Amino acid sequence: YEMRNIRLLVICVVALASCTKSTPQRLAEEALPFLETRPAATGRVVEVHLVASPTSLELIDGRKLDVWAYNEQVPGPTIRARQGDTIRVHFRNELPQPTTVHWHGIRLPNEMDGVPGVTQPPIAPGESFVYEFLARDPGTFWYHPHVRGSEQLGRGLYGLLIIEEAELPPVREIVWVLDDWRLDESGQIDSRFVTRGDLAHDGRWGRVITVNGVEAPKIELGAGERVRLRILNAANGRVFRPDFSRLDAKVIAFDGLATARPLSAEGLELAPGNRVDLDLVAPAKPGEQVLIFDRFTRMPNLLAILQAGDAAPDAAVAAPIELDGFVPTWRGAEREGVGLEFRLNAARGGPYGIAWMINEQAMFHDTESPVSEWHEPPYALEAGKWIKLRFTNESPRLHPMHLHGQFFKVVARNGHPVDEAHWRDTVLVRPRETVDIALVPTELGNWMLHCHIMEHQDAGMMTLVAVR
Ligand code: C2O
Ligand code: CU
């Protein structure tokens, strides 16, 4: 009899202990150690001089194209640092309009985020600004203007920001920056930006597709060589679905951060803003070619040709690339309530005739310098608290929703739980779809939440979330 009582008592105590911890608290605790870890500073400072200016470059198929570029390159120079380094960018604006530089996906102090009227005044033509931050998170990130994105990105302003792991995998790296170009009759960049047509559809889609500024480049690798392929979609609106099914390819990082395990590359989609790192093995036979097509649209587009050269040295074939990632499982997330809902839709009006909105509100960047009015965030999140956010797409268009300053995970689509084994900073919300994401905000400040289709963004599809 006594034994039974004691057993009952033990069971009660155990049950009580696990009851006192609420599910959101348990979910937060699963991710916080990872999110709050800071790398040891290396003491090294990576100094970069970056100038945005109009220039003329041989691009696409070698034609002279009038572009706007960082350091007269499209894509702009790849900024590389090691985790724990300090990055200091001396930026000068030589464009005919104000601009800022936003560091997409990486966590940094809010005042370095490059958002006009939120974290800094726009940088007027002829003016300079110094961006400085610690490279906390290793991975594939990028930079681009946060002013008049349709025109400024559309004319060629974007570049990669690569933060190397303290210990780099022993393979060669290749980067692919994907973009598309809308040209006019003269073969130059069509200067009609944020058109009615763009707004009624999924932004500005151009017919000419490039990888690193070149149309369908032939890329030579050692036969059977293993490489780390970092891909960025820098297009204004186009979604890419690169088909690697004829090769041994695994996703090892998404939106910069390492996946929980290598993932299949089948059906891999990159919405504007998304990045992916692949562990890719080149064709095995010297001379063999594999064509990589984009299959997002019904008509496949040729992206690039992978060609095997001479047999790669054994060392270059080596073991699969291993990255050190942590992704919470967040089991039970589907049973938690939605903390905030963002309904996505459009209405007639606004400066472009159609306004894209989040919960019936449109937000516009004030590009006059200095900023007369600073934006106040309509939404607030509590730091360290797990929360579920819902995007409800009430429109028939695509919206790749991007949150600055925090990493999130998709936990449900149309009410069905999904368990993506990776973090994100941008998620594609399809027509009429509902996407639930979860996060534990850890970075304080006022952060943008917006559609990464530049035309939707310019036409109002932005809001601000404060993390306190
Ligand atoms: Cu890549 Cu606010 O954006
Ligand atoms: Cu959109």
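Refer to the structure printed above.
Predicted model, so just to flag it, every value in this text is computed and none were measured. (Residues numbered from 1 in each chain as written. Chains lettered and ligands numbered in written order. Predicted model: local features only at pLDDT ≥ 70, side-chain atom pairs only at ≥ 80, totals over all residues. Heavy atoms only, no water.)

Time to look at the nonpolar core. With 80 residues, the main nonpolar core has V67, I87, W103, L161, W181, F342 and F391 as its most contacted residues. Here this core takes six residues from strand β1 (residues 45-59), the largest share from any one element. F342 has contacts with I358, N359, Y379, L389, R390, F391, T392, L449 and T463, leaving out every residue within four places of it along the chain. One finds L178, L229, I231 and A282 within the second-largest nonpolar core, a separate group that totals 31 residues. (Core = buried A, V, L, I, M, F, W, Y, C linked by side-chain atoms within 4.5 Å. Buried < 20%, exposed > 50% of the residue type's maximum accessible area, 1.4 Å probe, protein only. Helix = DSSP H or I, 4+ residues; strand = E, 2+ residues; numbered from the N terminus. Contact = heavy atoms within 4.5 Å.)

This part covers the coordination of the copper ion (ligand 2). Coordination of the copper ion (ligand 2) by the protein is provided by H399 (ND1), C451 (SG) and H456 (ND1), with metal-donor distances spanning 2.0 to 2.1 Å. Positions of the donor residues of the copper ion (ligand 2) along the chain correspond to the pattern H-x51-C-x4-H. Here H399 is found in strand β23 (residues 399-403), whereas its partner H456 is found in helix α5 (residues 454-458), with 57 residues between them in sequence. The same class applies to H399 and to H456, which are both buried. (Donors = N, O, S within 2.8 Å, 3.2 Å for Na, K, Ca; no water.)

With respect to the helices and strands, the residue N233 is situated in strand β12 (residues 226-233). Only 3.4 Å separates the side chain of N233 from the backbone oxygen of A271, close enough to count as a polar contact. The contacts of N233, once residues within four sequence positions are left out, are W142, L178, R238, V239, F240, L270, A271, P272, G273 and N274. (Polar contact = N/O pair within 3.5 Å; in protein donor to acceptor, adjacent residues only side chain to side chain.)

With that settled, consider the packing of aromatic side chains. Using the criterion set out here, one finds 15 aromatic pairs in the structure. A centroid spacing of 5.7 Å and a plane angle of 85 degrees characterise the contact between W330 and W423, whose relative ring orientation is edge-to-face. One end of the pair, W330, is in the loop between β18 (301-311) and β19 (340-348); the other, W423, is in the loop between β25 (416-417) and β26 (426-429), and 93 residues separate them in sequence. By relative accessible area, which is 2% here, W330 ends up buried. An aromatic cluster is built from Y70, F91, W103, F129, Y131, F133 and Y143, whose rings are joined through pairwise contacts. When the ring centre of W68 is taken as reference, the NZ or CZ atom of R155 above it lies at 4.9 Å. (Phe/Tyr/Trp six-rings, centres within 6.5 Å; stacked < 30°, edge-to-face > 60°. Lys NZ or Arg CZ within 6 Å of the ring centre and 35° of its normal.)

Moving on, we get to the pattern of salt bridges. This structure, assessed with the given rule, holds 37 salt bridges. A salt bridge links R92 to E94, with the shortest nitrogen-to-oxygen separation between them at 2.6 Å. Across the salt bridge formed by E360 and R343, the nearest N and O atoms sit 2.9 Å from each other. One end of the pair, E360, is in the loop between β20 (354-358) and β21 (379-381); the other, R343, is in strand β19, with 17 residues separating them in the sequence. (Salt bridge = Lys/Arg side-chain N within 4 Å of Asp/Glu carboxyl O.)

Now for helix α2 (residues 23-36). Here α2 is 14 residues long and its end C-alpha atoms lie 20 Å apart, about the 20 Å a rise of 1.5 Å per residue gives. Within α2, burial applies to L27, A28, A31, L32 and L35. (Expected span 1.5 Å × (residues − 1).)

As summarised here, the arrangement of the six strands in space is β10-β9-β12-β16-β14-β15, forming an open sheet in which the pairing is mixed. Of all the strands in the sheet, the pair left with one neighbour each is β10 (208-211) and β15 (257-264). Averaged over all adjacent pairs, the angle separating strand axes in this sheet is 25 degrees, with direction ignored. As paired elements, β12 and strand β16 (residues 275-281) share seven bridges and run antiparallel to each other. Note on β16: the bridge partner recorded for I231 is V276. (Pairing = 2+ DSSP bridges. Axes fitted to C-alpha atoms, helices over the stretch in contact; angles between N-to-C directions.)

What follows deals with the sheet that holds strand β27 (residues 434-439). Overall, mixed pairing links the six strands, which are arranged β20-β19-β22-β27-β24-β25 in an open sheet. At either end of the open sheet lies a strand with only one pairing partner, and these are β20 and β25. Here strand β24 (residues 409-413) pairs with β25 via two bridges, running antiparallel. Considered in β25, the bridge of A412 is made with P417.

Moving on, we get to the pairing of strand β3 (residues 79-82). Taking every second residue as pointing to the same face, the buried face of β3 carries I79 and A81, while none of R80 and R82 on the other face is buried. With four bridges joining them, β3 and strand β8 (residues 159-164) adopt parallel strand pairing. Bridge assignment links I79 to a residue of β8, and that residue is L161.

Along the chain, V74 connects to P75 via a cis peptide bond; the corresponding omega equals -10 degrees. Within the secondary structure, P75 sits in the loop between β2 (63-70) and β3. Although it is not a glycine, I60 sits at a positive phi angle of roughly 60 degrees. Tracing the chain through its elements places I60 in the loop between β1 and β2. With a phi close to 60 degrees, R432 is a non-glycine residue in the positive phi region.

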